[in-house]
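Structural characterization, general
Given next are the chains, with one letter for each unit.
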Amino acid sequence: MENQEFADIFWQVAEFLELKEDNPFKIRAYRKAAQAIESLPHNLEDIYAKGGFNALKEISGIGQHLAEKIEEKIKTGKVAVHEKLAKDFPAGFIELAEVQGMGPKTALLLYKKLKIDSLAKLEKAAKSGQLSKLPGFGAKKADNILRGIELKKKSHGRFLLDDATAHAELLCEDLGRLKEVKQLLVCGSLRRGKETVGDLDLLVVSARPEKVMDHFSKLAAVSQVLAKGRTKSSVILKNGMQADLRVVEERAFGSAAHYFTGSKDHNIRIRQLAQKKGWKVSEYGLFKGKKQLAGRTEADLYKKMGYDYIPPELRENRGEFAAAAAGNLPRLVELKDIKGDLHMHSTASDGANSIEEMAQAAKKLGYEYIAITDHTESTRIAHGLTEKEVLKHIQKIKAANRKVKGIEILAGSEVDIKPDGSMDYSDEVLAQLDIVLAAVHSRFKMPKQEMTERVIKALENKYVNILVHPTGRLLNEREAYEIDMEAVLQAAKKHKKMIEINAHPRRLDLTDINCMRARELGIRLAISTDAHSTDQLELMKYGVITARRGWLEKKDVANTLPLAQLKKLL
DNA sequence: GCCGTTTTCGGCCCGACTGTTTTCAGTCG
């Protein structure tokens, strides 16, 4: 059972309890627990199997009662409280409460008064003017709800990091032209480098907020204005993404950046910590009574609170406060530490550029080395190379290596792990390669146990160096295959294998949370782009930010090593 | 429902914008 299944139940119970107007702090406890479960590096079932009921209770945010519910779910497959609550509400209820502009209270009211239990009924009622007749409703509110329904219909969900980055840059360029804008910072989950981004959060310092708001709401990229106030506006962009703008004075820039960067859990935590000192943290600063103690910079804020500066990527309330208090924060790996790229394709399989073109492009990025790692026979769709072909290909790579000066080109291959766990090339062929990547490209729907054994068998092969895109997920497209990641990581540790962080924004695989676990186990990671063209080599930054979210330091990442040491490692 | 070198009971993060029930509840971040 995946952790997400437990978290979803708690999220839903919270929603139901809110609809029932239950104790708001109980609701919060359910949400906190759901959040905690989602950030857990270990599988809940495994935790229970190893440490029993008490191990569950040790998880922060899980107490006696929620631990009982987790145990119940493991033993019976369901949670009675959840089932019972779900019966009290029509199936489409949670969906209704999720419509922007609606909320649980409004959803409850509409269900009681008009028996609205689906999006279709809601839309009909809003269009017919039925809604405006209710007490507390007017024409504007009905319009708002219609807009919310439209938005939900065409919503893409979350956006990939590269896409979100590109849109943020365009907005900044536009906003930056305004002379009233003194400082500009993209905050939110994009700044934290989260694998996908829900909306863009922009922070501006200006003495003329109304000017900035006017300009922002009229930008070419804006399709709808959701809200426009003196210091805060929200718009929907033409690509369907929401963008929020906040304007503050310079003296509050740091605390506003901190507030707007999040995460929500990190913010709540710092506010609680301030409270214990008798202080208060908000977007306007750190206050003792009316006196501002800090706020101009984020660094001041942390320092005054007694913490080292916490980089945005770590702000997920996953132990960063304890580490920052003790001076134990990791020195996170940086893009400039990267000395090479160990996973890319050429025209020999499904890449767009030749070996030499890839090498030249990598050289421009300042790399010392790259590995050309084309596909193998079984991946026919990508024109994988047969054993005979790859032996010739190795010679071509070596020739290119002699020809292109100033960068080492390693002869590699992204070798299929066949369904039985054997490699697509014989050991004799694998032995000829400088570097061997192992990857699953077929039979994604295998049962978890089989898939785990399949991958572990590949890790037992002495020629394999790196397990690449270890879960096979494609964000917004394809779920990860079922695999016992803890067992895979243990096997990687045992056989001294590396694990890839695939930097492509569609993959970002290994995930941040599993990176944290790999680091704990002392496994070496490799950040690679899996580039299929020269321009994709620049996707490295997304892999680095994922590594940073996983608390990784330079020493944890193989391709920060100089060539000689890397070769020794291989 | 969780949690505790101020508490096993009594707290639980902080503020902006909207619409409308003219003083605030609901929603959102």
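Residues numbered from 1 in each chain as written. Chains lettered and ligands numbered in written order. Predicted model: local features only at pLDDT ≥ 70, side-chain atom pairs only at ≥ 80, totals over all residues. Heavy atoms only, no water.

1. Brief notes about the protein's contact with DNA strand B
Near DNA strand B you find 47 residues, and of these Arg-28, Thr-106, Gly-136, Gly-138 and Arg-271 are the closest. When atoms of DNA strand B within 4 Å of the protein are split into backbone and base, the sugar-phosphate part holds 74%. At a separation of 2.7 Å, a phosphate oxygen of DNA strand B approaches a polar backbone atom of Gly-61. Between DNA strand B and His-65, the relevant distance is 3.4 Å, taken from a phosphate oxygen to a side-chain nitrogen or oxygen of the residue. Of the residues contributing to the surface near DNA strand B, the split by class is 14 nonpolar, 18 polar and 15 charged. (Near = heavy atom within 4 Å. Polar contact = N/O pair within 3.5 Å; in protein donor to acceptor, adjacent residues only side chain to side chain. Nonpolar A, V, L, I, M, F, W, Y, C, P; charged D, E, K, R; others polar.)

2. Brief notes about helix 1 (residues 3-19)
Given a rise of 1.5 Å per residue, 17 residues ought to cover 24 Å, and the 25 Å separating the end C-alpha atoms of helix 1 matches this to within 8%. Every buried residue belonging to helix 1 is among Asn-3, Phe-6, Ala-7, Ile-9, Phe-10, Val-13, Ala-14, Glu-15, Phe-16, Leu-17 and Leu-19, and all of these are buried. Those residues of helix 1 hidden inside the fold are in contact with helix 2 (24-38), helix 3 (44-57), helix 4 (64-76), helix 5 (80-88), helix 6 (93-97) and helix 7 (104-114). In the stretch just after helix 1, Glu-21 is the one whose phi turns positive, near 55°. (Helix = DSSP H or I, 4+ residues; strand = E, 2+ residues; numbered from the N terminus. Expected span 1.5 Å × (residues − 1). Buried < 20%, exposed > 50% of the residue type's maximum accessible area, 1.4 Å probe, protein only. Contact = heavy atoms within 4.5 Å.)

3. Some thoughts on helix 4
Taking 1.5 Å per residue, 13 residues should reach 18 Å; helix 4 reaches 18 Å between its end C-alpha atoms and fits that length. Within the span of helix 4, buried status applies to Leu-66, Ala-67, Lys-69, Ile-70, Glu-71, Lys-73 and Ile-74. Looking at the buried side of helix 4, the elements it contacts are helix 1, helix 2, helix 3 and helix 5. Looking at the residues trailing helix 4, positive phi occurs at Gly-77, about 85°.

4. Quick look at the sheet that holds strand 9 (residues 285-288)
A sheet is described by the order of its strands in space; here 3 strands give the open sequence 8-9-10, paired in antiparallel fashion. The sheet is open, and its two borders are formed by strand 8 (280-282) and strand 10 (291-294), each paired with just one other strand. Averaged over all pairs of adjacent strands, the angle between their axes in this sheet comes to 35°, without regard to strand direction. Judged from the 3 bridges that link them, strand 8 and strand 9 form a sheet pairing that is antiparallel. Bridge assignment links Lys-280 to a residue of strand 9, and that residue is Phe-287. Contacts from helix 14 (residues 264-276) reach strand 8 and strand 9 within the one sheet, and its direction differs from that of strand 8 by about 155°. Contacts from helix 15 (residues 298-305) reach strand 8, strand 9 and strand 10 within the one sheet, and its direction differs from that of strand 10 by about 100°. (Pairing = 2+ DSSP bridges. Axes fitted to C-alpha atoms, helices over the stretch in contact; angles between N-to-C directions.)

5. Concerning the packing of aromatic side chains
Within this structure, the stated rule accounts for 6 aromatic pairs. Measuring from ring centre to ring centre gives 5.4 Å for Tyr-307 and Phe-321, while their planes differ by 70°; the resulting arrangement is edge-to-face. In this pair, Tyr-307 is assigned in the loop between helix 15 and helix 16 (320-325) and Phe-321 in helix 16, connecting sequence segments 14 residues apart. The exposure class assigned to Phe-321 is buried, which follows from its relative accessible area of 6%. Directly above the ring of Phe-137 sits Lys-141, whose terminal nitrogen or CZ lies 5.0 Å from the centroid. Its end group placed over the ring of Phe-444, Arg-478 keeps NZ or CZ at 4.1 Å from the ring centre. (Phe/Tyr/Trp six-rings, centres within 6.5 Å; stacked < 30°, edge-to-face > 60°. Lys NZ or Arg CZ within 6 Å of the ring centre and 35° of its normal.)

6. Describing the domain arrangement of chain A
In terms of domain boundaries, chain A breaks down into domain 1 (3-86), domain 2 (93-155), domain 3 (160-326) and domain 4 (335-569). Measuring from the centre of the C-alpha atoms in domain 1 to the corresponding centre in domain 3 gives 31 Å. (Domains from an automatic or database assignment.)

7. With respect to the sheet that holds strand 12 (residues 369-375)
The 7 strands are arranged 11-12-13-14-15-16-17 in an open sheet whose pairing can be described as parallel. Edge strands, defined here as strands with exactly one partner in the open sheet, are strand 11 (340-341) and strand 17 (525-528). Relative to strand 14 (residues 435-439), strand 13 (residues 408-416) runs parallel, the two being bridged by 5 bridges. The residue of strand 14 that forms the bridge with Ser-413 is Val-436. Those strands touched by helix 23 (residues 540-549) are strand 11, strand 16 (498-502) and strand 17, and its axis lies near 150° from that of strand 17.

8. Structural notes on the environment of Ser-263
Mapping Ser-263 onto the fold places it in the loop between helix 13 (253-261) and helix 14. The spacing of Ser-263 and Leu-178 is 85 residues in sequence and 29 Å in space, taken between C-alpha atoms. If we ignore the near neighbours within four places in the chain, the residues touching Ser-263 are Arg-192, Arg-315 and Glu-316.

9. A word on the pairing of strand 5 (residues 222-228)
In the sheet, strand 5 pairs with strand 6 (residues 232-237) via 5 bridges, with the strands oriented antiparallel. Pairing of Gln-224 across the sheet is with Ile-236, part of strand 6.

10. Focus: the environment of Ile-338
Positionally, Ile-338 belongs in the loop between helix 16 and strand 11. Along the primary structure Ile-338 and Ala-558 are separated by 220 residues, whereas in three dimensions their C-alpha atoms are 8.9 Å apart. Setting aside its immediate chain neighbours within four residues, Ile-338 contacts Tyr-367, Ile-527, Met-540, Val-544, Val-557, Asn-559 and Thr-560.

11. Focus on a positive patch on the surface
A contiguous patch of positive charge on the surface is contributed by Lys-288, Lys-291, Lys-303 and Lys-304. Structurally, the position occupied by Lys-291 is in strand 10. (Patch = residues over 30% accessible without salt bridge, like charges linked within 9 Å, V, L, I, M, F, W, Y side chains within 5 Å. Areas by Shrake-Rupley, 256 points an atom, 1.4 Å probe, with all protein chains shown as cover. Salt bridge = Lys/Arg side-chain N within 4 Å of Asp/Glu carboxyl O. Lys, Arg positive; Asp, Glu negative; His and termini not counted. Charge placed at Lys NZ, Arg CZ, Asp CG, Glu CD.)

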